[in-house]
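# Breakdown of the fold
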Amino acid sequence: MKKIDKHLLIAVIILSLFGLLMIYSSSNIWAEYKFNDPYKYLKSQAIFLILGYIIIYIVSKINYQIYYKYSNIILFICIILLILVLIPGIGSVRNGSRSWFGIGSFGIQPSEFVKLGIIIFTSKYLNNNKIKSIKSSVLPILLIVILLFGLIMLQPDFGTGVILVMTIIAMLFISGVNMSFFIKLGILGLLGIVVLVIIAPYRLERITSFLNPWADPLGSGFQIIQSLYAIGPGGLLGMGLGNSIQKHFYLPEPQTDFIFSIISEELGFAGVLIVATLFVTIIKRGLNISLNQENNFAKYLAFGISFSLAFQTILNLMVVVGLIPVTGVTLPFLSYGGSSLLVSMVSIGILLNISKYNSK
Amino acid sequence: MFNKQIHKRIKVVLLIIIICFIVIIGKVFYIQVIDYKKLSNLASNLWSRNLVIGANRGRIITKDNVTVADNLTTVSLVVVPNQIKNKDDVIKDLAKILNVDESKISEHVNKSSSIEIVHPEGRQLSFDIADQINNLNYEGVYLLKEGKRYYPYDTLLSHTIGYAGIDNQGLSGLELKYDEYLTGKSGAIKYFSDAKGNKLDKSSVYEEPTNGMDIYLTIDYDIQSSVERELNNIMDKYDADDAWSIVMDPNNGEILAISSKPDFSPTNYQNYSIETINRNHAIWATYEPGSTFKIITLAASIEEKTVDLLNDTFTDSGSITVDGARIKCWKSGGHGTQTYLQVVQNSCNPGFVSLGNKLGKEKLFKYINDFGFGKKTGIDLNGESSGILFKINNVGPVELATTSFGQGISVSAIQQITAVSATINGGTLYKPYVVKRIVEPNTGEIIKENKPQIVRKVISNETSQTVRMALETVVAYGTGRNAYIEGYRVGGKTGTAQKVNNGIYMSGNYILSFIGFLPADNPQVVVYVAIDNPKGITQYGGTVAAPIAKNIMLDIIDKLKIEKSDYTLEKVYNWYDTKYETIPNVIGQELSEAKKQLKNFTVNYSGSGNIIKSISPSPNTILPVNSTIKVLLGD
């Protein structure tokens, strides 16, 4: 037995501490305005971060085989939670989505944990069933994913739903499912989009509006324009830590989905390169851990976790820089938000535990 | 084997992920580096708030340094609602100081605009009130400088100056024509604001406003005042429809005064019709010039040597028949037999018809064109007309005859004074102008300067001299006697023109004019006066317009310190039988020869010697026969 992947751990610690700093820098104006306390978000996130480090420590000690053993129960609990959160009185609405279990001022999003649950379940499933035919092997798992996606879309939380579906498809991809399946899936997806557009043509405008946000600067283009107004003036070296102007109420809730804009504004292209390097390091270490496993369950689990993090990161960054329409996905380790951070830390804990069993 | 395929696909996924990151970084690079300028500017526009500080318009200043268009510096109250912490206090205090209802101030203070001008309650405040507001030291309450156009002399020179509107934009006259020079560049207090309108600490830039350029005119304030006063008097006295006048320096085309009545008050321009504001009759109105135009026929005849003024005679029977049409002289029964100089003095129409016939239409019209009639003079004022001449091909004997004494054509006052200036200044036609230079007020740098502009040389210096002398006799002995000034040599010509409406002469409705200049031997100013339809007076230019011109010339003499001439023609009351002679130039000649040539005059010799040193009055002066002249002798 070997030691945990220190590079991964260090990268995560640096990135999360940096995130804490940027959450303070981007949120202090809003916090002062809303709560009369510029440290409001900083304090809250700091508590979660300490909790997160403890979780990393604990989870990295737990042998990953335990998830194999309890995968069905975990998934079952996840489905129950997803149903419970939809019931008014139990689940609470924040930002237009009934996605939360409110505990005081803290909120827990079950859909974040469902992501982890279905990755564990799928890993076990792929480990146990050699892919023989699409019908008998892939379809059952797809049906479960569609069920979960449907439940998440009832909240609705489109971003998390897409991450979940794409992560499972990526896992099916590496498990050796025939390429023609993915091609068919792609065609099916395109057809779905076409049908949706034909039913309601305004959707096409929604989809394309991100290409020219200035067409509707106060509506659909508002967030992306405000994001570009932050990134652009940042230039090569940024305006200096704490000197963002866009955080002064121009960019709404700058500490959440669009925190990367404020990082770009204050630290410039140089800061962007550093953040990107940290993310790529974490993702690459995660995928390396997957490559180094003899055990297929561990291999799939490590891949699923790493891919999910990577996909969420890319989804967030592409929105922020205006490459894709706004989806409402947070940036792992950097965005403000307790449950998002805790799930990320659990994921890293699992990865670190698996890394102990590296073959090389 | 199986693991190998998984690993391959994991690596494919890694590759795709890395490509995605590269794309994202590439996009950030594009935004931050390639699109930097555009986005930076846009963002800067979003963040920055401007509190505008008005610039002063350039002043308009006369030749003798009187500012006729100035600015009042005022301050206006501006509030930035989001920066005001304690709105109730601010509302209470401002309402008290401005002495208005609290609800009015409350409206402004609670508006959701980023910068609110407290209009009208807080516009153009006195310094006393501004000081009180300033002492409150409230955040979000600003006092910003605002210039307001001010015309200290009200209606004086109003058509030329024009007026500027409420936002200091030039709307007519020089205010409009030179708006780009007169308009300054607003300054601002620039600061970055958050999305709620609060001032961010970082930055507050003060951009000083740049005042507009000053315009210096050729106009002389005192002469202009004199003209305005005289025209106002005549409008009152005779209830005239309109009256206008121009004073020009004949030696360079500078306009010393120009006025048209009725005029307007630029400060209260809203109270006047657009016609009153835009119609500067001195350049806009065209009309039959009448007898003042005879100066042109006279100059052309002398230049072409078709007449000997002193020796050729013309017999006026009271009318002349041209091509079957009878043209009457203004004096019923006619002037009898006269020399052509007397024809000029008497302003005898049949006499001028004969001058026109001697010239022929080609020559007469060549001079009319060369003196600038039929096209705009190009004076630097808006609203000039070109006038109307007969087309040369349509000119028959009747048209030639009427044109010779100033009927059947249409000219403007500015054309007449410009042309007459050329006939008496030695023969050079200048382009008239009112703007002398445009000056940057802080550095004194001259941005633009107008210099005298020669259009063409029309007649010779000798011809011009003869015209001057002939016109001097008109004032001393002829129809222009009402403009005679004791001690000064004044030349001039009257004009009485019947107005035309729809091609028919209106009965009892005349434009009376006089054009005069002094000193006649070396003209420094030309004065033109025209009165449209005065009532209750004999309608002759000599009786109405000449006395006004005389009053103006008296003021000019004071202002320009024109010295008395050592010799002047004596005013003659009964001039019909007078015979005239020109003083020959005998300076430098021997006494015996001079005596022969001066035989028509009574000569007082002084000094000793055999050579003529000087003659007073100067050679070429036209005098009645046997007048006394002085001759200084030397060796």
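Residues numbered from 1 in each chain as written. Chains lettered and ligands numbered in written order. Predicted model: local features only at pLDDT ≥ 70, side-chain atom pairs only at ≥ 80, totals over all residues. Heavy atoms only, no water.

### A few points about the overall build of chain B
Spelled out, the test is: In this description a helix means any DSSP run of H or I spanning at least four residues, a strand means any run of E spanning at least two, and both kinds are numbered starting from the N terminus. For each residue, the accessible area found with a 1.4 Å probe, counting protein chains only, is set against the maximum for its type, and the residue is called buried under 20%, exposed over 50%, and partly exposed in between.
Along chain B, the regular secondary structure elements total 20 helices and 28 strands. Taking all 635 residues of chain B together, 54% fall into the buried category.

### Notes on the overall build of chain A
Here is the rule: Throughout, a contact is declared for two residues whenever any of their heavy atoms are within 4.5 Å. Only the protein chains shown count as cover for residues, and the accessible areas themselves come from Shrake-Rupley with a 1.4 Å probe.
Secondary structure summary: chain A contains 12 helices and 3 strands in total. Taking all contacts inside chain A whose residues are at least 6 apart in sequence as the whole, residues at least 24 apart take part in 72%. When the accessible surface of chain A is totalled, it reaches about 15100 Å², and 71% of it is carbon and sulfur.

### Focus: the interface of chain A and chain B
Basically, it comes down to this: Defined in terms of a 1.4 Å probe, buried area is the accessible area two parts forfeit on being brought together, summed over both. The rule for a salt bridge is simple: a side-chain nitrogen of Lys or Arg has to be within 4 Å of a carboxyl oxygen of Asp or Glu. Within 3.5 Å is the distance limit for a polar contact, defined as a pair of N or O atoms, with the added protein rule that one can donate a hydrogen and the other accept it, and that residues adjacent in sequence qualify only through two side-chain atoms. When residues are sorted by character, Ala, Val, Leu, Ile, Met, Phe, Trp, Tyr, Cys and Pro go into the nonpolar class, Asp, Glu, Lys and Arg into the charged class, and all the rest, Gly among them, into the polar class.
Chain A puts 53 residues into the contact, and the matching count from chain B is 38 residues. Between chain A and chain B the total buried area reaches about 4100 Å² when both faces are included, carbon and sulfur atoms providing 79% of it. Considering only the surface of chain A that becomes buried against chain B, Tyr229, Tyr250 and Leu291 of chain A emerge as the three largest contributors, covering 15% of it. Where chain A packs against chain B, one counts 0 salt bridges. Taken together, chain A and chain B are joined by 12 residue pairs in polar contact (both at pLDDT 80 or more). When residues of the side of chain A that touches chain B are traced back to their parent elements, those giving at least two are α6 (158–174), α7 (179–199), α9 (222–234), α10 (259–291) and α11 (296–320) of chain A. With 15 residues, the top contributor of residues to the side of chain A that touches chain B is α10 of chain A. Partitioning the side of chain A that touches chain B into residue classes produces 35 nonpolar, 15 polar and 3 charged.

### Comments concerning empty space enclosed by the protein
Quick reminder of the rule: Residues are said to line a cavity or pocket when one of their atoms sits within 4 Å of a point; the points come from a 1 Å grid over protein atoms alone, cavities being sets where a 1.4 Å probe fits but cannot get out and pockets being open sets with protein on both sides within 12 Å along at least five of seven lines. Grid points are joined across faces, edges and corners, and a volume is the space filled by probe spheres set on the points.
Under the defined criterion, the tally for this structure stands at 3 cavities of 30 Å³ or more. The calculated volume of the largest cavity comes to roughly 100 Å³. Lining the largest cavity, in full, are Glu112, Lys115, Leu116, Ile119, Ile305, Ser308, Leu309, Gln312, Ser340, Val343, Ser344 and Ser347 of chain A. Mapped by element, the contributors of at least two residues to the lining of the largest cavity are α4 (110–128), α11 and α12 (338–355) of chain A. In terms of residue class, the lining of the largest cavity is made up of 5 nonpolar, 5 polar and 2 charged. Taken as a whole, the second largest cavity encloses approximately 50 Å³ of empty space. If you go around the second largest cavity, the residues you meet are Thr155, Leu157, Ser158, His159, Thr160, Gln224, Glu228, Ile258, Ser259, Ser260 and Asp263 of chain B.

### With respect to the packing of helix α1 (residues 6–35) of chain A against α12 of chain A
Residues and elements named next belong to chain A. Using the following cut-off: The angle between two axes is taken between their N-to-C directions and runs from 0 to 180 degrees, where each axis is a line fitted to C-alpha atoms and a helix contributes only its stretch in contact. Working rule for angles: under 35 degrees goes down as roughly parallel, over 145 as roughly antiparallel, 65 to 115 as roughly perpendicular, anything else as oblique. By convention the crossing between two helices is left-handed if the near helix lies anticlockwise of the far one by an angle smaller than a right angle, and right-handed if it lies clockwise.
Look at α1 against α12: their axes get within 11 Å of each other, and the N-to-C directions meet at 165°. The angle between α1 and α12 falls in the class roughly antiparallel. Every pair of crossing elements has a handedness; the one defined by α1 and α12 is left-handed. Facing Leu8, Leu9, Val12 and Ser16 of α1, the residues of α12 in contact are Met345, Ile348, Leu351 and Leu352. Residue composition of the contact of α1 with α12, grouped by class: 7 nonpolar, 1 polar and no charged.

### Notes on the packing of aromatic side chains
In plain terms, the rule: Pairing of aromatic rings covers Phe, Tyr and the six-membered ring of Trp, with a centre-to-centre limit of 6.5 Å; geometry is then stacked below 30 degrees between planes, edge-to-face above 60, and tilted otherwise.
Here the structure, examined in full by the defined rule, presents 23 aromatic pairs over all chains. Aromatic side chains Tyr41 of chain A and Tyr336 of chain A sit 4.9 Å apart centroid to centroid with 85° between the ring planes, which places their arrangement in the edge-to-face category. Here Tyr41 of chain A, found in helix α2 (residues 40–61), pairs with Tyr336 of chain A, found in the loop between α11 and α12; they are 295 residues apart in sequence, far enough to count as distant. A relative accessible area of 8% means that Tyr41 of chain A is categorised as buried. When the centroid spacing of 5.3 Å and the interplanar angle of 65° are considered together, the rings of Trp244 of chain B and Tyr287 of chain B count as edge-to-face. Here the residue Trp244 of chain B occupies a position in strand β9 (residues 242–248), and Tyr287 of chain B occupies one in strand β11 (residues 286–287), the gap between them amounting to 43 residues.

### Some points on the sheet that holds strand β26 (residues 611–616) of chain B
All names here are of chain B. Definition in use: Here the rule is simple: two strands pair whenever DSSP picks up at least two bridges between them.
Spatial ordering of the open sheet is given by β25-β28-β26, a layout of 3 strands whose pairing is mixed. Of all the strands in the sheet, just β25 (602–606) and β26 have a single pairing partner and so form its edges. Neighbour to neighbour, the strand axes of the sheet diverge by 30° on average, direction disregarded. When β26 meets strand β28 (residues 628–634), the two strands line up antiparallel, connected through 5 bridges. From the neighbouring strand, Ser616 faces β28, where its bridge partner is Lys630.

### What about the side chain of Ser158 of chain B?
Residue and element names in this part refer to chain B. Looking at the element boundaries, Ser158 is found in helix α6 (residues 158–161). On the basis of relative accessibility, which here comes to 2%, the residue Ser158 falls in the buried class. At a separation of 3.2 Å, a polar atom in the side chain of Ser158 contacts the main-chain carbonyl oxygen of Phe264. Ignoring anything within four residues of it in the chain, the contact list for Ser158 reads Asp263, Phe264 and Pro266.

### Regarding the nonpolar core
Residue and element names in this part refer to chain B. Put simply, the test is: Definition of nonpolar core: a set of buried residues of the types Ala, Val, Leu, Ile, Met, Phe, Trp, Tyr and Cys, connected through side-chain atoms within 4.5 Å.
The biggest cluster of nonpolar side chains holds 145 residues, and the ones touching the most others in it are Val247 and Phe371. Here the element with the most residues in this core is helix α19 (residues 541–560); it accounts for 9 residues. Not counting chain neighbours up to four residues away, the residues in contact with Val247 comprise Ile223, Val227, Glu254, Ile255, Leu256, Ala257, Ile417, Val525, Val526, Val527, Ile552 and Ile556.

### Here's the deal with the sheet that holds strand β23 (residues 525–532) of chain B
Residues and elements named next belong to chain B. Here we have 5 strands laid out as an open sheet, ordered β10-β9-β23-β22-β21, and antiparallel in their pairing. In this open sheet, the two strands that pair with only one neighbour each are β10 (255–261) and β21 (491–501). Pairwise comparison of adjacent strand axes, ignoring direction, gives a mean angle of 10° for this sheet. Strand direction decides the pairing type here: strand β22 (residues 504–518) and β23, joined by 8 bridges, are antiparallel. In the sheet register, Gly516 faces β23, and the bridge partner there is Val527.

### Remarks on the layout of surface pockets
There is about 2300 Å³ of room inside the largest pocket. Lining of the largest pocket is provided by 50 residues; of these, Phe158, Val162, Ile193, Leu315 and Thr327 of chain A occupy positions nearest its centre. Elements with a minimum of two residues in the lining of the largest pocket: α5 (134–154), α6, α7, α8 (202–209), α9 and α11 of chain A together with α1 (2–34) of chain B. Residue contributions to the lining of the largest pocket peak at 11 residues, all from α7 of chain A. Tallied by class, the residues present in the lining of the largest pocket amount to 39 nonpolar, 9 polar and 2 charged. The computed volume of the second largest pocket comes to approximately 1200 Å³. In this structure, the second largest pocket is lined by 41 residues; those nearest its centre are Arg94, Asn95, Trp100, Gln109 and Thr256 of chain A. Residue assignment for the lining of the second largest pocket shows that the elements contributing at least two residues are α1, α2, β2 (97–103), β3 (106–108), α4, α6 and α12 of chain A. When residues of the lining of the second largest pocket are assigned to their parent elements, the largest contribution, 5 residues, is made by α2 of chain A. Taken together, the residues that form the lining of the second largest pocket break down as 13 nonpolar, 20 polar and 8 charged.

### Some details on the pairing of β23 of chain B
The two faces of the sheet receive side chains in turn, since in a regular strand these alternate between them. Residue and element names in this part refer to chain B. Where burial is concerned, most of β23 is hidden: 8 out of the 8 residues are buried. Taking every second residue as pointing to the same face, both faces of β23 are buried, with Val525, Val527, Val529 and Ile531 on one and Val526, Tyr528, Ala530 and Asp532 on the other. Note that β9 and β23 share 7 bridges and pair antiparallel. Pairing of Ala243 across the sheet is with Ile531, part of β23. Hairpin connection of β22 to β23: 6 residues between the antiparallel strands.

### Some points on the pattern of salt bridges
All names here are of chain B. A complete count under the given rule lists 27 salt bridges over all chains for this structure. Where Lys559 meets Asp222, a salt bridge forms, and the shortest distance between an N and an O atom there is 2.9 Å. Highlighted residues: Lys559 in helix α19 and Asp222 in helix α9 (residues 221–238), separated in sequence by 337 residues. Residue Glu472 pairs with Arg489 through a salt bridge whose shortest N-O separation is 2.8 Å.

### A closer look at the state of the cysteines
All names here are of chain B. Inclusion rule: Sulfur atoms of two cysteines make up a disulfide when they are within 2.5 Å.
This model, assessed by the stated rule, comprises 0 disulfides over all chains. Here Cys348 stays free of any disulfide, with the sulfur of Cys329 as its closest cysteine sulfur at 4.0 Å. Residue classification places Cys348 among the buried residues on the basis of a relative accessible area of 0%.

### So, the confidence of the model for chain B
Applicable threshold: Values of pLDDT, the confidence the predictor places in each residue, fall between 0 and 100.
A residue-level look at chain B finds 97% of positions with pLDDT of 70 or above and a mean pLDDT of 87. Of the two predicted TM-score estimates for the complex, the pTM is 0.66 and the ipTM is 0.94.

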